[in-house]
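Descriptive analysis of the structure
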Amino acid sequence: MARRKLGVVKAIGAAHIMADKAKIAVLISGRGSNMAALLYASKLPDCPYEITLVASNNPHAKGLELAKAEGVETFAHDHKGMNREEHDMIMHDAVIKSGADYIILAGYMRILSDAFVQKWVDKMLNIHPSLLPKYKGLHTHKRAIEAGDDYAGCSVHLVTTELDDGEVLGQTKVKILPDDDADSLAERIIYAEHQLYPATIAAYVTRHQNPDWILDQVRKRALALEETLERPSFGTPAWRVGNEKSGKYFAYFSHRHFGENGISVFVKTSGSDEQEALLDADPELYFLPKFYGKSGWIAVRLDHDSTDWDHIEAMLAKSWRIVAPKRLTKLIDIANEF
Ligand code: GRF
């Protein structure tokens, strides 16, 4: 299984290893002040992303000049006279050519085709000047003032095929002042945008190393299995199947727990043959957990940035099956026969 190195400075004991940064392409249509904020944040030593390209549908976009002057690769292709899919494909190709893993929309004033959005699921972010889900679309500042809101603000969200509708990753509230008009409010919100966007992108591209995010991924998969509940074991989150009294553990989350380094999940195998086969197949992914290895558990590492979550889901389900009461597995066996 090919795996990239961890994306940022990772603390291992007292030592620090500087590893690959995430690569982002920023798409703009005009002024590009958010792009500038991202660019200058990327110059800070611990920033976990770098900009591989600033691209625009407007060859005269102001932001392009700045990016070029700062030595960032730029690309522009006018959308005029082109159909949407064709133009999107040209932008997509330029982004891919730059080596970017993420697309960051920063005042990119184009509605994107579904085909384009689908190529970048979970990999494309946008910043919007409102507290989403309020005021999707245009004239957000004016609408917030007219509604008599106390606060306006900005949101960073994942891009989906619905306009301004994807999961919100970060928000900053900005107080609306009594004398505000749309322009004065926009001027203040842009300060908040310039802080929010780099910080949110940094957290997002390193989410694979964030123990809380990783735990959530395990938790939602474990709890999706039938008759499961979470019950901590020796202070670590763990999941059981079966009823409150006689339920059995099928997964343990380990974050520097049980004397182990790093982050992993322990799941049950069918026994020592399977343990050995797994250790042979991928010694970087699996290891025998202290204390638990002897009774058939295997640890699966979760702290690299290319965890195959479908695989983890399958391992959890298998572990669940091994310990689940017969009355539950019987039904599944019958269902599988059909
Ligand atoms: C920002 O207000 C952003 O929220 C919206 O478009 C504007 C872009 O401004 N999506 P700039 O080009 O980054 O200065």
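Residue numbers here run from 1 along each chain, matching the order of that chain's written sequence. With the structure being a predicted model, the display of local features is reserved for residues of pLDDT at least 70 and the display and counting of side-chain atom pairs for 80 or more, all residues being used for whole-chain, interface and lining totals. Hydrogens and water molecules were not included; the side-chain quantities draw on all heavy atoms of the structure.

1. Points about the confidence of the model for the chain
It should be kept in mind that the predicted coordinates are not to be read in detail where pLDDT is low. To keep things clear, this is the line we draw: On a scale of 0 to 100, pLDDT captures the predictor's confidence in every residue. Contacts are assigned to residue pairs that have any heavy atoms within 4.5 Å of one another.
On average, residues of the chain carry a pLDDT of 92, and 94% of them reach 70 or more. Contacts for the low-pLDDT stretch residues 1-18, under 50 throughout, to residues beyond four places or in other chains number 47 contacts.

2. Here's the deal with the packing of aromatic side chains
Where we set the bar: Here a pair means two rings of Phe, Tyr or Trp (six-membered ring of Trp) with centres within 6.5 Å. Their orientation is stacked below 30 degrees between planes, edge-to-face above 60, and tilted elsewhere. Under the DSSP-based scheme used, a helix requires at least four consecutive residues in state H or I and a strand at least two consecutive residues in state E, with every element numbered from the N terminus. For the exposure calls, accessible area comes from a 1.4 Å probe over protein chains only, and a residue counts as buried if that area is under 20% of its type's maximum, exposed if over 50%, partly exposed in between.
Evaluation of the coordinates by the stated rule reveals seven aromatic pairs. Ring centres of Tyr102 and Tyr204 lie 6.1 Å apart, and the angle between their planes is 75°; on these two criteria the pair is classed as edge-to-face. One end of the pair, Tyr102, is in strand 6 (residues 102-105); the other, Tyr204, is in helix 6 (residues 182-205), with 102 residues separating them in the sequence. There is no split in this pair, since Tyr102 and Tyr204 are both buried. Taking the centre distance of 5.0 Å and the plane angle of 70° together, the rings of Tyr252 and Tyr292 count as edge-to-face. On the criterion of sequence distance, the pair formed by Tyr252 in strand 12 (residues 248-255) and Tyr292 in the loop between strand 14 (286-287) and strand 15 (297-301) is long-range, its members being 40 residues apart.

3. Looking at the site of the ligand
Rules: We call a residue near a molecule or strand when any one of its heavy atoms sits within 4 Å of it. Nitrogen and oxygen atoms within 3.5 Å of one another constitute a polar contact, given that in protein one can donate a hydrogen and the other can accept it, and given that sequence-neighbouring residues count only through two side-chain atoms. A 1.4 Å probe and the Shrake-Rupley method give the accessible areas. Residues count as covered only by the protein chains that appear here.
Every residue close to the ligand is listed here: Arg31, Gly32, Ser33, Asn34, Gly107, Ile127, His128, Pro129, Ile190 and Glu193. Measuring from an oxygen atom of the ligand, one finds a side-chain N or O atom of Arg31 at 2.6 Å. Contact distances for the ligand include 2.8 Å between an oxygen atom and a side-chain N or O atom of Glu193. For the ligand, the protein covers 84% of the area, taking 370 Å² as the surface of the free molecule. Counting residues per element, the ones that place at least two in the shell around the ligand are helix 1 (33-42), strand 7 (124-128) and helix 6.

4. Quick word on the side chain of Thr206
Positionally, Thr206 belongs in the loop between helix 6 and helix 7 (211-223). Residue Thr206 is classed as buried on the basis of its relative accessible area, which comes to 17%. Polar contacts involving the side chain of Thr206 include one to the main-chain carbonyl oxygen of Ala203, which spans 3.3 Å.

5. Comments concerning unusual backbone geometry
Leu132 connects to Pro133 through a cis peptide bond whose omega is 10°. Within the secondary structure, Pro133 sits in the loop between strand 7 and helix 5 (140-146). The phi angle at Asp122 is positive, at roughly 65°, despite the residue not being glycine. Relative to the helices and strands, Asp122 is located in the loop between helix 4 (114-119) and strand 7. The phi dihedral of Asp164 is positive, around 50°, even though this residue is not glycine. Tracing the backbone shows Asp164 in the loop between strand 8 (151-158) and strand 9 (168-175). By relative accessible area, Asp164 is classed as buried at 10%.

6. A word on the packing of helix 7 against helix 9 (residues 309-323)
Defined as follows: Here an angle of 0 to 180 degrees is reported between the N-to-C directions of two axes, which are lines fitted to C-alpha atoms, with helices fitted over the stretch in contact. Roughly parallel means an angle under 35 degrees; roughly antiparallel, over 145; roughly perpendicular, 65 to 115; everything else is oblique. Crossing handedness follows the turn of the near helix against the far one: under a right angle anticlockwise gives a left-handed crossing, and clockwise gives a right-handed one. Residues are grouped as follows: nonpolar covers Ala, Val, Leu, Ile, Met, Phe, Trp, Tyr, Cys and Pro; charged covers Asp, Glu, Lys and Arg; every other residue, Gly included, is treated as polar.
Where helix 7 contacts helix 9, the two axes come as close as 10 Å, and the packing angle between them is 45°. Compared by their axis directions, helix 7 and helix 9 come out oblique. Seen from above, helix 7 lies across helix 9 with right-handed handedness. For the pair formed by helix 7 and helix 9, the contact residues are Trp213, Ile214, Gln217, Val218, Arg221 and Ala222 on the first element and Trp309, Glu313 and Leu316 on the second. The residue inventory of the contact of helix 7 with helix 9, partitioned by class, reads six nonpolar, one polar and two charged.

7. Examining the side chain of Glu274
Take Glu274: it is sitting in helix 8 (residues 272-281). Excluding residues within four positions of it along the chain, Glu274 makes contact with Thr269 and Lys318.

8. Digging into the pattern of salt bridges
Any two side chains of opposite charge can pair if their charged atoms end up close together. Keep this limit in mind: Salt bridge, as applied in this entry: a Lys or Arg side-chain nitrogen positioned within 4 Å of an Asp or Glu carboxyl oxygen.
Under the criterion given, the structure shown has 15 salt bridges. With a shortest N-O distance of 2.6 Å, Asp180 and Arg188 are connected by a salt bridge. The residue Glu230 makes a salt bridge to Arg219 at a minimum N-O spacing of 2.7 Å. Taken together, the residues Glu230 in strand 10 (residues 228-230) and Arg219 in helix 7 connect sequence positions 11 residues apart. Among the residues examined, Glu230 registers a relative accessible area of 30% and is labelled partly exposed. Each of Asp216, Arg219 and Glu230 takes part in a single network of salt bridges with overlapping partners.

9. A word on the sheet that holds strand 6
In plain terms, the rule: For two strands to count as paired, DSSP must find a minimum of two bridges between them.
Ordered by their spatial adjacency, seven strands build an open sheet running 5-4-3-6-7-8-9, and the pairing between neighbours is mixed. Lying at the two open borders of the sheet, with one neighbouring strand each, are strand 5 (74-76) and strand 9. Going from strand to strand, the sheet's axes swing by 20° on average, the running direction of each strand aside. The pairing of strand 6 with strand 7 spans three bridges and is classified as parallel. Directly across from Leu105, in strand 7, lies its bridge partner Asn126. Sitting on the sheet, helix 2 (residues 62-69) touches strand 3 (22-28), strand 4 (49-56) and strand 5, and the angle it makes with strand 5 is about 155°. Running at roughly 150° to strand 4, helix 3 (residues 84-98) makes contact with strand 3, strand 4, strand 5 and strand 6 of the sheet.

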